[in-house]
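# Examining the three-dimensional arrangement
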Amino acid sequence: MLFSKPEHEEIMLPFIFIKDPDDLEAGVISIEAYGHIYEKKKYCFASYTLKNNKMYDNGDYEQMIGLLKNSADKMVKVILRIKKGIPKDFKIDVNSLAEAYGDERFKSLELVSWGFNDKSARELNS
């Protein structure tokens with residue numbers, strides 16, 4: 001078979017909020033889920049903006065950042081795209097992020113950038 005369809009696998013991973021002054025100024029929320037994926041430590045970095053601009057004006061953005069700063073012991077669903085037995089890409093399920101906090105506002109996140117890395121964004125940015 002010349003072309004094989006990618007498979008998808010869902011896993012739950014812990015995550016952290018990535019505090020970046022440039023992101024905060026631009027209204028971006030960045031998180032990083034991490035863990036052993038197929039026996040290798042991987043970091044699933046994702047940056048989001050809010051779909052509704054009014055959420056910046058009414059204080060929702062700041063409140064969401066406040067919740068994210070206290071992410072200890074929280075988990076998020078990560079959907080891996082597997083091709084030929086190797087993880088190639090991922091998607092963080094924002095619905096599971098909303099469930100982790102019991103806050104529907106997290107469903108209003110819109111993905112703007114991502115990285116599937118062997119090192120944490122904190123290491124890469126230092």
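The structure displayed is predicted, hence computed values, not measured ones. Each chain carries its own residue numbering, running from 1 in the written order of its sequence. Owing to the predicted nature of the model, reporting of local features is limited to residues with pLDDT of at least 70; listing and counting of side-chain atom pairs is limited to 80 or more, with chain, interface and lining totals taken over all residues. Side-chain numbers here rest on the full set of heavy atoms in the structure, without hydrogens or water.

Between any two strands, at least two bridges found by DSSP are needed for them to pair. In this text, helices come from DSSP runs of H or I with a minimum length of four residues, and strands from runs of E with a minimum of two, each type numbered from the N-terminal end. Reading across the sheet, the six strands line up as 5-4-1-2-3-6 and stay open at both edges, with antiparallel pairing between neighbours. Each of the sheet's edge strands pairs with one partner strand only, and the pair in question is strand 5 (86–92) and strand 6 (109–117). Geometrically, the sheet is characterised by an average inter-axis angle of 35° between neighbouring strands, direction not taken into account. Here strand 4 (residues 75–83) pairs with strand 5 via six bridges, running antiparallel. Bridge pairing in strand 5 places L80 opposite F90. Contact definition: two residues touch when any of their heavy atoms are within 4.5 Å. Lines fitted to C-alpha atoms define the axes here, with helix axes fitted over just the stretch in contact, and angles between the N-to-C directions of these axes take values from 0 to 180 degrees. With respect to the sheet, helix 3 (residues 60–68) is in contact with strand 1 (7–17), strand 2 (29–37), strand 3 (40–50) and strand 6, its orientation differing from that of strand 2 by roughly 30°.

Okay, the side chain of S71 next. Secondary-structure assignment places S71 in the loop between helix 3 and strand 4. The cut-offs for exposure are 20% and 50% of the maximum accessible area for each residue type, with area from a 1.4 Å probe on protein chains only; residues under the lower value are buried, those over the upper are exposed, and the others partly exposed. Its relative accessible area of 7% is what places S71 among the buried residues. Identification of polar contacts relies on pairs of N or O atoms within 3.5 Å, with a donor-acceptor requirement for protein atoms, meaning one able to donate a hydrogen and the other able to accept it, and with residues adjacent in sequence counted only if both atoms are side-chain atoms. At 2.4 Å, the side chain of S71 and the backbone oxygen of L68 are in polar contact. Side-chain polar atoms of S71 contact the side chain of Y101, separated by 2.6 Å. With sequence-adjacent residues up to four places away left out, S71 is seen in contact with F15 and Y101.

Here we take up the side chain of K42. Positionally, K42 belongs in strand 3. A polar contact is formed between the side chain of K42 and the side chain of D118, at a distance of 2.7 Å. If sequence neighbours within four positions are ignored, K42 has contacts with A33, Y34, G35, I37, F116, N117 and D118.

As a further point, take the environment of G115. For G115, the location among the structural elements is in strand 6. You can call G115 buried: its relative accessible area is 12%. C-alpha of G115 to C-alpha of K51: the two residues are 64 residues apart in sequence and 21 Å apart in space. Every residue in contact with G115, bar those within four places of it in the chain, is listed here: Y43, C44, F45 and F90.

Once that is clear, we can look at unusual backbone geometry. Positive phi, close to 55°, is recorded for Y38, a residue that is not glycine. Of note, Y38 is situated in the loop between strand 2 and strand 3. For D73, which is not glycine, the phi torsion reads 65° and is therefore positive. If you trace the backbone, D73 turns up in the loop between helix 3 and strand 4.

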